[in-house]
Amino acid sequence: MKYKRNLIALLLAGTFFSASAQQEDLIVVNAAKSEGKVSATMWGVFFEDINMGADGGIYAEMVKNRSFEFLKPLMGWSVKGNKIGEGDLLVQNRQGANLANPRFLSVAIKGAAKGEAGISNEGFKGGMGVKKGLKYDFSLMYRQVSPGITLHVELVDEENKVLASGLLKPTDVPAEWKSQDLSFIAVATSAKARINIWFEGSGVLDMDMISLFPADTWKGRKKGMRGDMIQMLADMKPGFVRFPGGCIVEGIDLANRYQWKKTIGPIAERQLIMNRWNVEFSHRPSPDYFQTFGLGFFEYFQLAEDIGAEALPILNCGMACQFNTAEVVPLDQLDPYIQDALDLIEFANGDVSSEWGKVRAAMGHAEPFNMKYLGVGNENWGPQYIERAKAFQQAIKAKYPKINLIYSSGTDPDSERFHYLDKELRGMKADIIDEHYYRSPEWFLKNAARYDHYDRQGAKVFAGEFAAHIKGKATGSNRNIWEAALAEAAFMTGLERNAAVVNMASYAPLFANTEGWQWAPDLIWVDNLNIYGTPNYYVQKLFSTNKGTQVASALFEGKSLSGQGGLYVSAVLDSIKKEVIVKLVNTNETERTKQIAFEGIKKLAAEGKLTTVKGELTAQNSMESPSAIVPAESLLKLKGKNAVVKMPANSLIMLKVSYK
Ligand code: AHR
């Protein structure tokens, strides 16, 4: 009898124990409890011409300094052969006739055979990436001062082996500028090719805009963007594209600021300026970094449209970079800056009969771009910023009340400077406040609940630039390790949970060239031929392509899970695809198991799709090993409305289940 009583007691205890253990491990996802909408713009991309992002990056031009407008006009060029003597090659200036692109190269040739007199361009960063079997389009503007020169154009590899070649015979009326082009197909691949232009015959030829593009550009557009780089963006299905920065919006001084009007219209008339990252870091000098603006605001709008993202331009607000000159425009001279913003809205959205809508239509886009967002300044701060932001707000809202204006909250998320700006901006009923954080992985882990208590009724938040920076010197992509990406993923569950207030987020910077970077870590690394996504890229892509339409409550012991026991959770519903999506991050060194109970859903599929991203904290992707850290897919059987999810050490897990 005593034995029987003990057994019952033991069984009861056992039942109680296992029920309590289950309780402890239970995450309840309640689809009926919506915690707000997930904005279609939730996850986007931040593009800046940094790290050779535009020139030498997504802008597929292969000739460096094509118009001889760099500070040193022959930078990137060298003379070849022994028949070009003193004074035969001259940089000349149109002296006002073409203010945007005044310089050109004049060459005088006296009886040269092929191989005796020529010029050669080294391309961006150590050479040009040339691919076997691909067509290349060469073009130039020229003027025959004294006819009689034929051009032999060739691509050669590092050993001077010819990869492609063609003949260009100027055919025009002498003394008038014209353009001519030539295409050829490469017979071999080289990562460090260069272009030679040999002059044959006798005569004097003026040349400008010497250009070479591959044919495999994005959407096959002539003189367009590098296809593989844009494809990586398109694959993320970003909700927005922020452009053109970043610090280049501000400029080192106001003269060096980004001015969108100088980036549209015929390419030969877009005035080049020095890229501020040219001189920004003395330990990463980039003397050959300029902004040619072959890629300008029209192309950015078109890019956003192509990949189904909202365009999000950021404009200078009358303040240069406050880490540099901190030059400001006096308030009574701010009007041209505000006018630039008003004109941009007309350029993007105006009818073809409007002044700027007409310019857009002339560039080939009669339909409006339907721009909805506009940023006023980047990383500006202080009362000077607030004064200028108010002036922009007043003028823009008066004319375009529906445009959502985005304002800067400075450079960091928790300083006195930040709190001052945040308060002032909320006071002026800002639509969206742009917060930036380049912080340690620990900061990201600790701040996953940052937005849990933000005011739901006030300004929305744009997490406009963020990246976890591990300790240690950047030597390239060495800081794009799984530890950083995992901390970002943990933090992003907090952004997702708070999608009611955080409407936009973007990792920064986006691209970096392995041989031409100034700032690291970065999301995507490229060289002349190759590209790979970092672990951080796969985290961004996973969130962005699984953003859902509304936040579902995901509670553990009645609270959201944002770091307790090293775990982080968020959940969304996709009411269009009819899916419930749970994202979990385990930052422990050992596996964890959680049971997820789905509530508020009538019928769930019998199995769900599990995506796992995991690895050693120090693991990273590279050109040689681009898939060391990538998502892996598997299936998970559910037990009714419950799923048991095993989370490997240091992993990001996503469970996606269809519902009816
Ligand atoms: O993303 C790199 C730089 O970081 C951006 O240009 C600037 O906005 C920030 O300081």
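Please refer to the structure placed before this passage.
Quick look at the structure, then. (Residues numbered from 1 in each chain as written. Predicted model: local features only at pLDDT ≥ 70, side-chain atom pairs only at ≥ 80, totals over all residues. Heavy atoms only, no water.)

1. Some remarks on the site of the ligand
Stated formally: If even one non-hydrogen atom of a residue comes within 4 Å of a molecule or strand, that residue is called near it. Any N or O atom pair separated by 3.5 Å or less is treated as a polar contact, with the protein-specific requirement of one donor-capable and one acceptor-capable atom, and with residues adjacent in sequence counted only for side-chain atom pairs. Here, Shrake-Rupley sampling with a 1.4 Å probe gives the accessible areas, and only protein chains in the shown set may cover a residue.
The full set of residues close to the ligand is Phe 46, Glu 48, Gly 246, Cys 247, Trp 277, Asn 378, Glu 379, Tyr 438, Glu 465, Pro 509 and Trp 519. The side chain of Glu 48 places a nitrogen or oxygen atom 2.5 Å from an oxygen atom of the ligand. Asn 378 is positioned with one of its side-chain polar atoms (N or O) 3.0 Å from an oxygen atom of the ligand. Burial of the ligand by the protein chains amounts to 96% of its free accessible area of 280 Å².

2. As for the sheet that holds strand β18 (residues 404-408)
Rules: Here, strands pair whenever DSSP counts at least two bridges between them. What counts as a helix is a DSSP run of H or I of at least four residues, what counts as a strand is a run of E of at least two, and both are numbered from the N terminus. Note on contacts: a residue pair qualifies if any of its non-hydrogen atoms lie within 4.5 Å across the two residues. Fitting a line to C-alpha atoms yields each axis, with helices limited to the stretch in contact; the angle taken between N-to-C directions then spans 0 to 180 degrees.
Strand order in the open sheet formed by eight strands is β2-β13-β16-β17-β18-β19-β20-β21, with parallel pairing between adjacent strands. The open sheet is flanked by β2 (45-46) and β21 (502-507), the only strands paired with a single partner. Pairing of strand β19 (residues 432-439) with strand β20 (residues 460-468), which is carried by eight bridges, proceeds in the parallel orientation. For Ile 433, the partnering residue across the bridge sits in β20 and is Val 461. Across the face of the sheet, helix α10 (residues 482-497) comes into contact with β19, β20 and β21 while running at roughly 170 degrees to β20.

3. Section: the packing of helix α4 (residues 297-306) against helix α5 (residues 335-349)
Quick note on the threshold: Angle categories: roughly parallel below 35 degrees, roughly antiparallel above 145, roughly perpendicular from 65 to 115, and oblique for all the rest. Left-handed is the label given to a crossing in which the near helix is rotated counterclockwise from the far helix by less than a right angle, and right-handed is the label when the rotation is clockwise.
Two elements in contact, α4 and α5, have axes whose closest approach is 11 Å; the angle formed by their N-to-C orientations is 50 degrees. It follows from the interaxial angle that α4 and α5 lie oblique. The crossing of α4 and α5 is right-handed. Contact residues: α4 offers Phe 297, Phe 298 and Phe 301, while α5 offers Leu 344, Phe 347 and Ala 348.

4. Description of the sheet that holds strand β23 (residues 524-526)
Backbone hydrogen bonds hold the strands of a sheet together, and the pairing may be parallel or antiparallel. Strand order in the open sheet formed by three strands is β22-β23-β24, and the pairing between neighbours is mixed. Of all the strands in the sheet, just β22 (511-513) and β24 (531-533) have a single pairing partner and so form its edges. Taking each pair of neighbouring strands and ignoring which way they run, the sheet shows an average axis angle of 20 degrees. Relative to β24, β23 runs antiparallel, the two being bridged by three bridges. Bridge pairing links Ile 524 to Gly 533 in β24. Contacts between helix α2 (residues 227-235) and the sheet are confined to β22, β23 and β24, with β24 contributing the most and set at about 15 degrees to the helix.

5. Comments concerning the packing of aromatic side chains
Short version of the rule: Note on ring pairs: Phe, Tyr and Trp rings are taken, using the six-membered ring of Trp, and paired if centres are within 6.5 Å. Classes follow the plane angle, with under 30 degrees stacked, over 60 edge-to-face and the rest tilted. Burial classes follow relative accessibility: with a 1.4 Å probe on protein chains only, a residue under 20% of its type's maximum area counts as buried, one over 50% as exposed, and anything between as partly exposed. Note on geometry: a ring has a charge over it if NZ (lysine) or CZ (arginine) is within 6 Å of the ring centre and within 35 degrees of the ring normal.
Summed over the entire model, instances satisfying the criterion amount to 39 aromatic pairs. Where Phe 243 meets Phe 297, the ring centres are 5.0 Å apart and the plane angle is 85 degrees; that geometry is what we call edge-to-face. One end of the pair, Phe 243, is in strand β13 (residues 240-243); the other, Phe 297, is in helix α4, with 54 residues separating them in the sequence. Grouping residues by exposure puts Phe 243 and Phe 297 together as buried. Summarising the aromatic geometry, the rings of Tyr 451 and Tyr 454 are spaced 4.7 Å apart at their centres and angled 70 degrees between planes, so their arrangement reads as edge-to-face. Tyr 451 sits in the buried class, given a relative accessible area of 1%. Taking the ring centre of Phe 104 as reference, the NZ or CZ of Arg 143 above it sits at 5.3 Å. Cation over ring: Arg 284 sits above Trp 517, and NZ or CZ is 3.6 Å from the ring centre.

So yeah, pure geometry; function would need other evidence.
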